[in-house]
Amino acid sequence: MYSQTLHTRINKIIEPLQLDIAGKDNDFYTRLIASATAIHSLYMEIYGNHEKGLACFNNLITGITMAYYERAFALRERDRMKLQKSAWFTSNKLTGMSLYVDLFADDLKGLQKKISWFEKLGVNLLHLMPLFESPEEASDGGYAVKDFRKLDKKYGTLKDLHILQETLLDKDMFLMLDIVLNHTSDQHQWAQKAKAGDSFYQDFYYTFPDRHIPDAYESAMPEVFPETAPGSFTWNDDMKRWVMTVFHDYQWDLNFTNPEVFLAMLGNVFFYANLGVDILRIDAPAFIWKQVGTTCQNLPQAHSLLRLIRHCVEVGTPGMALLGEAIVAPQDILPYFGEGLHKGKECHFAYNATHMALQWDMLATTDTRIMLNAQSLLSQKPKGASWITYTRCHDDIGLGYSDEMIRSVGFDPKEHRRFLKDYYTGVYTGSPARGALFGVNVKTQDARISGTLASLCGLEEALEMKDAFLIERAIKKILLMQAHAMFLGGLPMLFYGDEAGYTNDYSYRNDSQKSYDNRWMHRPLIDWKKNERTNKEGTLENQIFKGTQTLISIRSSLELLADESNIEWMDTENIHLAGFIRWNHEQRLYCIFNFSDREQSIHWLAFEKWGCTTNKMWDHYSKAIISKQEKPFGMVLHPFEFRLLQESKN
Ligand code: GLC
């Protein structure tokens, strides 16, 4: 609701900046006034009772205005173009890849020279894994940030990043970076000052003189890294205080009950926006609010803070979309898109972590039923918000979908998870997978899985056995997994190396800074000689690269694959076949995936139910026509085959 008092107050706050509010800055000013009440009420909900609450509100408005003020002309233009489209980020023409700059191309200058690799593949969004300064010996892959505004020198300089961003802009490509919102490195200057006794900065973190409150917190908090960083607090001898460290002991949790912390971190959000970031990955947002007696995850205040950030960004730097990296239980992920009156107004994106894990479930069990049961929940994603769809990323695969989903098909959740862990670590007889357990919790028996797409699909073992049949089978599985994730709806995010079939890299075991964390096995060092083999017809690299390239190009050519929440699951009447339809007003695409190692068939009736009466269907992937006359009893899919079908007119 509009408030004249607030309007007048805002005018006063921004007056010194002398904006041309009737002229060139009018769009910004309109956005600011239109969102003022929402920003104010969310802010007051969180910080209204804080002694610094009022003063910090003025700084918040100034911060938003400064972000706009400092925004480069080219970025303001890009904002304008994005705002003209209803949701630029749901386009079928976007395909991303996450990569470590140093492992991919040494540094940013090197990456600049590799842009043709992405162009050739069809990738037009680069997610660069954390680039900002981080202590080498305690870095968590860059997620322990020492300085949010200074690049780690191993990657280059801010200028190099700027040059890269300009190149991407010229080529109509997109940039995604992380903001590590929940914590800093214990070597960040805020932590250093806190250690030196500065109470202003001690208030940036959760610190306590004795175990009284930490014990109370820990009684309800699950452990994130139970093997390597048990507990959620660490004793700091400089301060003689316990400090909250939910992740590693060198990652200090920021105290967002303090508005100064919120302002400082929002300043960093805007700093990244003005570097030209198109999608900001908010790392671990589930953890940003803590309350004794709770799990300290997914609390309502964490959602309010995210909505507040979204409003501020929409006013100051509106072309930047937010991705909430909430890898939590299925029912807890959807609220990151916003709930109730706020539906669709929190994060633009969330990872479809549930579906990702369920793909791995299907591949191991050859059974699609648990995945199908999850869809009634996942389909509640609001229109105008989107998933990141993926098979692998830099993290482990969590098997966190609910026990209920597993029970609903008659399996015992504990046994079922044990089977999956055995399967993906190759312990299960006949499993070709080569993964490892990560984050084993001896108390609960929970564990997640590390390993590259290729190794988990059996390529590593097949290569060792020099078995051509098994190599071919592994390649089929890799492409099946990629195709399923890419056509599901959402923005596909490939993980570097998977496009050329990289298997696990075990060299991390010899590096003391990495050996405690087996996620490094699936973060390979790119060997450009191997990548070159993608050009040589028939090599495994060539087959995987070409397959991935074809999938990207089919996806970007079909507008019905833009994410309009336009997916319906088919009843294939065959538990081994997953089938869904993507549609728009004119056309339908039937996507069918065989998750088993046997031939499977789907009856034509399964298509007819959806009004598809044609005698011939065109498979975009194999570029073949499949005719009913030739296969009167239904369409046959070979082991691990998939089809992307449209009714054929001829
Ligand atoms: C996120 C990152 C993960 C990191 C953690 C702590 O989950 O994806 O790699 O360890 O946050 O920052």
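The structure reproduced in this document is the subject of the present report. (Residues numbered from 1 in each chain as written. Predicted model: local features only at pLDDT ≥ 70, side-chain atom pairs only at ≥ 80, totals over all residues. Heavy atoms only, no water.)

## Some details on the overall build of the chain
Within the chain, the secondary structure is distributed over 24 helices and 25 strands. Against the compact-globule benchmark of 26 Å for 650 residues, the chain has a radius of gyration of 25 Å, which places it among compact chains. If one aligns the C-alpha atoms of the chain with their principal axes, the spans along those axes are about 75 × 55 × 50 Å. Taken over 650 residues, the chain has a buried fraction of 60%. Across the chain, contacts joining residues at least 24 apart in sequence account for 72% of those joining residues at least 6 apart. With an accessible surface of roughly 26100 Å², the chain has 51% of that area assigned to carbon and sulfur atoms. With 70 positive and 82 negative side-chain charges, the chain shows a spacing of 3 Å between the two charge centroids. (Helix = DSSP H or I, 4+ residues; strand = E, 2+ residues; numbered from the N terminus. Rg over C-alpha atoms; globule rule 2.2 N^0.38 Å. Buried < 20%, exposed > 50% of the residue type's maximum accessible area, 1.4 Å probe, protein only. Contact = heavy atoms within 4.5 Å. Areas by Shrake-Rupley, 256 points an atom, 1.4 Å probe, with all protein chains shown as cover. Lys, Arg positive; Asp, Glu negative; His and termini not counted. Charge placed at Lys NZ, Arg CZ, Asp CG, Glu CD.)

## Some words on the packing of aromatic side chains
The way to describe two aromatic rings as a pair is by their centre distance and the angle between their planes. Under the definition given, this model contains 43 aromatic pairs. Ring centres of Phe132 and Tyr272 lie 4.8 Å apart, and the angle between their planes is 35 degrees; this geometry places the pair in the tilted category. With Phe132 in strand 3 (residues 132–133) and Tyr272 in helix 12 (residues 259–273), the pair connects residues that are 140 residues apart, well separated along the chain. The pair formed by Phe132 and Tyr272 is uniform in burial state, with each residue classed as buried. Here the aromatic cluster, defined as three or more aromatic residues joined through ring pairs, consists of Tyr100, Phe104, Trp117, Phe118, Phe495, Tyr496, Trp520, Trp528 and Phe545. The aromatic ring of Trp88 is capped on one face by Lys82, whose charged end is 4.3 Å from the ring centroid. For Arg417, the ring lying beneath its charged end belongs to Tyr401, and the centroid distance is 5.9 Å. (Phe/Tyr/Trp six-rings, centres within 6.5 Å; stacked < 30°, edge-to-face > 60°. Lys NZ or Arg CZ within 6 Å of the ring centre and 35° of its normal.)

## A few points about the site of the ligand
Around the ligand sit Asp140, Tyr143, His183, Phe225, Phe247, Gln251, Arg281, Asp283, Glu325, His394, Asp395 and Arg519, and those are all the residues in its vicinity. The separation between an oxygen atom of the ligand and a polar side-chain atom of His183 is 2.9 Å. Asp283 places a side-chain nitrogen or oxygen 2.9 Å from an oxygen atom of the ligand. In isolation the ligand offers 310 Å² of accessible surface; the protein chains occlude 95% of this area. Tallied by class, residues from the shell around the ligand come to three nonpolar, three polar and six charged. (Near = heavy atom within 4 Å. Polar contact = N/O pair within 3.5 Å; in protein donor to acceptor, adjacent residues only side chain to side chain. Nonpolar A, V, L, I, M, F, W, Y, C, P; charged D, E, K, R; others polar.)

## A short note on the environment of His40
With respect to the secondary-structure elements, His40 resides in helix 2 (residues 26–47). According to the relative accessible area criterion, His40 is partly exposed, its value standing at 22%. Along the primary structure His40 and Leu308 are separated by 268 residues, whereas in three dimensions their C-alpha atoms are 9.0 Å apart. Ignoring any residue separated from it by four or fewer positions in sequence, one finds His40 in contact with Leu6, Arg9 and Phe57.

## Re the sheet that holds strand 23 (residues 624–627)
Sheet architecture is open: six strands sit in the order 18-19-20-25-22-23, paired in antiparallel fashion. Lying at the two open borders of the sheet, with one neighbouring strand each, are strand 18 (567–569) and strand 23. Within this sheet the neighbouring strands show an average axis-to-axis angle of 30 degrees, counted without direction. By the bridge criterion, four bridges tie strand 20 (residues 588–594) to strand 25 (residues 642–647) in an arrangement that is antiparallel. Residue Ile592 lies in a different strand from strand 25, and its bridge partner there is Arg643. (Pairing = 2+ DSSP bridges. Axes fitted to C-alpha atoms, helices over the stretch in contact; angles between N-to-C directions.)

## Some thoughts on unusual backbone geometry
For Ala284, which is not glycine, the phi dihedral falls at a positive 50 degrees. The phi angle at Thr366 is positive, at roughly 65 degrees, despite the residue not being glycine. Here Thr366 falls in the buried class, since its relative accessible area comes to 18%.

## Focus: the packing of helix 15 (residues 353–365) against helix 16 (residues 369–378)
One can describe the packing of helix 15 onto helix 16 by two numbers: an axis separation of 9 Å at closest approach and a directional angle of 165 degrees. By the angle class used here, helix 15 and helix 16 are roughly antiparallel. Viewed along their axes, helix 15 and helix 16 form a crossing whose handedness is left-handed. On helix 16, the residues that touch Thr354, His355, Leu358, Asp361 and Met362 of helix 15 are Ile370, Met371, Ala374, Gln375 and Leu378. (Parallel < 35°, antiparallel > 145°, perpendicular 65-115°, else oblique. Left-handed = near helix turned anticlockwise from the far one by under 90°.)

## Topic: the sheet that holds strand 8 (residues 233–236)
Strand order in this open sheet of three strands is 7-9-8, and the pairing throughout is antiparallel. A single partner strand is all that each edge strand has here, and the edge strands are strand 7 (207–208) and strand 8. One ladder, built from four bridges, connects strand 8 with strand 9 (residues 241–244); its direction is antiparallel. By the bridge assignment, Trp235 is partnered in strand 9 with Trp242.

## Section: the nonpolar core
Judged by nonpolar contacts, the single largest core of 207 residues is most densely connected at Leu60, Leu111, Phe118, Leu128, Phe256, Trp360 and Phe487. Residues from two domains meet in this core; each of domain 1 (92–185 + 256–558) and domain 2 (567–648) gives at least three. Not counting residues up to four positions away in its chain, the partners in contact with Leu128 are Leu99, Val101, Leu108, Leu111, Leu161, Leu164, Leu175, Met176, Leu177 and Asp178. Formed by 15 residues, the second largest nonpolar core is a distinct cluster that contains Leu577, Ile602, Ile626 and Met635. (Core = buried A, V, L, I, M, F, W, Y, C linked by side-chain atoms within 4.5 Å. Domains from an automatic or database assignment.)

## Regarding the pattern of salt bridges
A side chain with one charge may pair with a side chain of the opposite charge, provided their charged atoms come close. What the rule picks out here adds up to 42 salt bridges. Ionic pairing is found between Asp517 and Arg519, a salt bridge with its closest N-O pair at 2.8 Å. Arg519 carries the same exposure label as Asp517, and that label is buried. In the salt-bridge network here, residues are joined through shared partners; they are Asp140, Asp395, Asp517, Arg519 and Arg523. (Salt bridge = Lys/Arg side-chain N within 4 Å of Asp/Glu carboxyl O.)

## Details of the environment of Phe337
By secondary structure assignment, the location of Phe337 is in the loop between helix 14 (330–333) and strand 13 (349–351). Sequence spacing of Phe337 and Arg588 is 251 residues, and the spatial spacing of their C-alpha atoms is 27 Å.

## Quick notes on the packing of helix 2 against helix 3 (residues 53–69)
Running from N to C, helix 2 and helix 3 cross one another at 150 degrees; their axes reach a closest spacing of 11 Å. The chirality of how helix 2 crosses helix 3 is right-handed. In this structure, helix 2 contributes Phe28, Arg31, Leu32, Ile39, His40, Tyr43 and Tyr47 to the contact, and helix 3 contributes Gly53, Cys56, Phe57, Leu60, Ile64, Thr65 and Tyr68. For the contact of helix 2 with helix 3, a count of residues per class yields 10 nonpolar, three polar and one charged.

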